[in-house]
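Each chain, letter by letter, is given below.
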Amino acid sequence: MWIESTIALRFLRHGRAQSLLILFGIAVGVAVIVFVVALISGLQSNLIERTLGTQSHIRIEAPREVNRIAPAPPGTVQLLLEDPRPQSLRPIDNWQQVRDVIERLPGVKAVSPVVSGPAFGRRGAAVESVALVGIDLARYLRVIPLQDNLVTGRLEVGSGNGMVGRQLAEDLGLRTGSKLRLDAGDGREAVINVAGIFELGVRELDERYVYVDLKQAQSLLALPGGVTVIDVTVEDVFAADATAARIRGLTGLQAESWMESNAQLMNALSSQSMSTNMISFFVAVSVALGIASVLAVSVAQRTREIGILRAMGTRRRQMLRVFLIQGAVLGLLGSAVGAVAGWSLVVAFNTFGPRLFEIDLQPMLFVAAMALATLAGMGAALVPAWRASRMDPVEAIRHA
Amino acid sequence: MPELKEVLRLEGLRKSYNIGQPNEVEVLHGIDLRLDSADFAALVGPSGSGKSTLLNLIGLLDPPTAGELYLDGQPTRAMDDEARTALRGRHIGFVFQFHHLISAFTALENVLMPSMVAHGKPGAEMLDRARELLAAVGLEKFADRRPDQLSGGQQQRVAIARALVTRPSLLLADEPTGNLDTRTAAEVFKLLRQFNARFGCAVLVVTHDPRLAETCDRTIPLVDGQVVSDERAAHAP
């Protein structure tokens, strides 16, 4: 391989203008690919992070109540007028066992039972409708990182303490230490002490959520010992779908992954990924075509030298390698420059851009881009290299 | 002087083109020829007589249609391209009319090329040999020059040094002086003679120039694809 790479490098250096031009082309292409891929994946992980900051990966609820329709005897026509049933607040049966089963599933990181239902929050003459969320705090924190969202006060539920969203606190004029009366109807009332105020960054949650102890919520909502929701966090967020399906199969409960409940987001993400892939693919194709045409010209220009080399005992496969190596070297060098340029663009974006989000720099992206460009270079060199290796030395030497 | 031995033997060598097509044409009609290690022979003949074709066959650049070609005693007709290429690299040195150096390499590297192609990075011994050959053609000072920094005569001398670096048993020269002025041509010819005597490698020169042909030990006239006579000059050993 020594002589093949020596000849390849000399040929590249000797045709310097051509080599530099195509290197520049490769570098621009790779920089575009690196930057676009980094930008889109940064944007996507930011979106996913934000979405999953306020919701669990999988939400498990009791199955919905549906009408059972008695089958009609054969030979009769059945006319149906169905009145959909109201969905009352229903606990999950045997939730402790369900929790234990789910906890043992592979890929499950945390399981948090929750009881939640509607109530009114009163302070003085002000009334707001609130979502009462009873939690086991230690477990809940492993699903929703409330500690990151606390504005004032402390993380505490139980012993008459609770936490409220910031918007709700503003609407009802609450501070830490204030009393909030909760009314869940049918005379079930309680007064809690506001221990902390949080801000999740989603208006709907911040103006409605009231976190209390699991037991207190159970008694307020008349669901003693029951829970209405089990929140699950998984290791791989994109495996949530599969895990949810598994849970449905195991428990017969209704389990919805974040991907299903955010179908629109997922759709947007996959469209983005597709357009990124399309851009990358077509840029890569045009870069490869550039390499192929430069090498084709080089083979034509060096026809006579190829003939001489063959006459001097250079084998066909050596000749093939000379041009494959040229393609690989062009791809590798060009993509190295391109990766650095793309990296600079990312750094520039992080520093001078709109600063809405930070692009995470993944070293694997650069390695992958360079490996791909090198392979593409060799692929592009295949046809010219093949032509060089099949050249008849007699014809080639006679070539003027 | 080295011991005399057979380098090349042709037996009924034929070459046709466009085989199986209406315009099939046989260029060489059964050539018998033998060259020994001390031979310095000129292949002469009018253009179109098949000189270049014969030279390509002898140089293993092109396979014959029929007949056999022995190089250093080895039959070659049945060989595939790979084997012929390897044999060519080891046993044959080429000097072409248009010097044909590789422009991306220096004079010294060009001289080393046949060895590098066969054995990779040259060792100290090979480097010495290449330098010595460059010195023998009077170009030791130009070792690091590129071909485009050398005159035509200098380039042809580099090409001769290159042809000899693998110590081939046969040196083929296709109109080696065709592109040079008379004085330079005579110098180049003198070099070929020197190497023939020094290394005992057979030299076969294709030439148009009757004066140059006269200085050879043997003249092999080729007319219409046949060797008409094989004359050994009076001054031949």
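Residues numbered from 1 in each chain as written. Chains lettered and ligands numbered in written order. Predicted model: local features only at pLDDT ≥ 70, side-chain atom pairs only at ≥ 80, totals over all residues.

Right, let's get into the overall build of chain B. Counting secondary structure elements, chain B contains 7 helices and 11 strands. Taken along the three principal axes of its C-alpha coordinates, chain B extends 50 × 40 × 40 Å. Counting the 237 residues in chain B, one finds 47% classified as buried. Taking contacts inside chain B between residues at least 6 apart in sequence as the whole, the part at least 24 apart equals 69%. (Helix = DSSP H or I, 4+ residues; strand = E, 2+ residues; numbered from the N terminus. Buried ≥ 20, exposed ≤ 12 C-beta atoms within 10 Å, placed from the backbone. Contact = placed C-beta atoms within 7 Å.)

To continue, consider the nonpolar core. In terms of nonpolar packing, the biggest core is built from 123 residues, with Val34 of chain A together with Leu43, Val111, Ile160, Leu170, Val203 and Leu204 of chain B touching the most fellow members. Per element, the largest residue contribution to this core is 12 residues, and it comes from helix 12 (residues 316-352) of chain A. Excluding residues that lie within four positions of it along the chain, Val34 of chain A makes contacts with Gly338, Ala339, Gly342, Trp343, Leu365, Phe366 and Ala369 of chain A. (Core = buried A, V, L, I, M, F, W, Y, C linked by C-beta atoms within 7 Å.)

Residue and element names in this part refer to chain B. Axis separation between helix 3 (residues 107-119) and helix 5 (residues 152-164) bottoms out at 7 Å; the angle between their running directions is 30°. Our classification of the angle between helix 3 and helix 5 gives roughly parallel. In the crossing of helix 3 with helix 5, the sense of the turn from one axis to the other is right-handed. Between helix 3, through Ala107, Asn110, Val111, Met113 and Pro114, and helix 5, the contact on the second element is made entirely by Val158, Ala161 and Arg162. Residues of the contact of helix 3 with helix 5, tallied by class, amount to 6 nonpolar, 1 polar and 1 charged. (Axes fitted to C-alpha atoms, helices over the stretch in contact; angles between N-to-C directions. Parallel < 35°, antiparallel > 145°, perpendicular 65-115°, else oblique. Left-handed = near helix turned anticlockwise from the far one by under 90°. Nonpolar A, V, L, I, M, F, W, Y, C, P; charged D, E, K, R; others polar.)

Detailed reading of predicted coordinates is not advised where the pLDDT is low. All names here are of chain B. In the predicted model, chain B carries a mean pLDDT of 84, and 95% of its residues have values of at least 70. Within chain B, helix 3 carries the highest mean pLDDT (90), whereas strand 11 (residues 231-232) carries the lowest (67). Scored as a complex, the prediction yields pTM 0.75 and ipTM 0.85. (pLDDT = per-residue confidence, 0-100.)

Looking now at the sheet that holds strand 4 (residues 66-71) of chain B. All names here are of chain B. Taken together, the 4 strands give an open sheet; going across it, the order is 2-1-4-5, and neighbouring strands pair in antiparallel fashion. Either end of the sheet is taken by a strand with one partner, and the two such strands are strand 2 (25-36) and strand 5 (74-75). By the bridge criterion, 2 bridges tie strand 4 to strand 5 in an arrangement that is antiparallel. Along strand 5, the bridge assignment pairs Tyr70 with Pro75. (Pairing = 2+ DSSP bridges.)

Residue and element names in this part refer to chain A. Residue alternation in strand 10 (residues 254-257) divides its side chains into a buried set, Ala255 and Ser257, and an unburied set, Gln254 and Glu256. Across 4 bridges, the pairing between strand 1 (residues 58-61) and strand 10 is antiparallel. Residue Ile58 lies in a different strand from strand 10, and its bridge partner there is Ser257.

In many analyses, interface size is given as the accessible surface area lost on bringing the parts together. At the interface, 20 residues of chain A touch 24 residues of chain B. Considering every element that reaches the side of chain A that touches chain B, the biggest residue donor is helix 1 (residues 2-14) of chain A, with 6 residues. Considering only residue class, the side of chain A that touches chain B consists of 10 nonpolar, 4 polar and 6 charged.

So, on to the packing of helix 2 (residues 16-52) of chain A against helix 13 (residues 363-390) of chain A. For any two helices packed against each other, the geometry is given by the interaxial angle and the distance between the axes. Residues and elements named next belong to chain A. Two elements in contact, helix 2 and helix 13, have axes separated by 11 Å at closest approach and are oriented at 145°. The two elements helix 2 and helix 13 cross, and the hand of that crossing is right-handed. Of the residues in helix 13, those touching helix 2 at Ile26, Val30, Ile33, Val34, Val37 and Ala38 are Leu365, Phe366, Ala369 and Ala373. Grouping the constituent residues of the contact of helix 2 with helix 13 by class yields 10 nonpolar, no polar and no charged.

A few words now on helix 10 (residues 263-301) of chain A. Note that an α-helix has 3.6 residues per turn; residues three or four places apart therefore point the same way. All names here are of chain A. The terminal C-alpha atoms of helix 10, which comprises 39 residues, lie 57 Å apart, in line with the 57 Å expected from a rise of 1.5 Å per residue. All of the buried residues in helix 10 are Ser280, Val287, Ala288, Gly290, Ile291, Val294, Leu295, Ser298 and Val299. Those residues of helix 10 hidden inside the fold are in contact with helix 1, helix 2, helix 12 and helix 13. (Expected span 1.5 Å × (residues − 1).)

Okay, helix 4 (residues 124-136) of chain B next. Residue and element names in this part refer to chain B. Between its first and last C-alpha atoms helix 4 spans 18 Å; for 13 residues at 1.5 Å apiece the expected length is 18 Å, and the two agree. The inward-facing, buried residues of helix 4 contact helix 3 and helix 5. Looking at the residues trailing helix 4, positive phi occurs at Gly138, about 75°.

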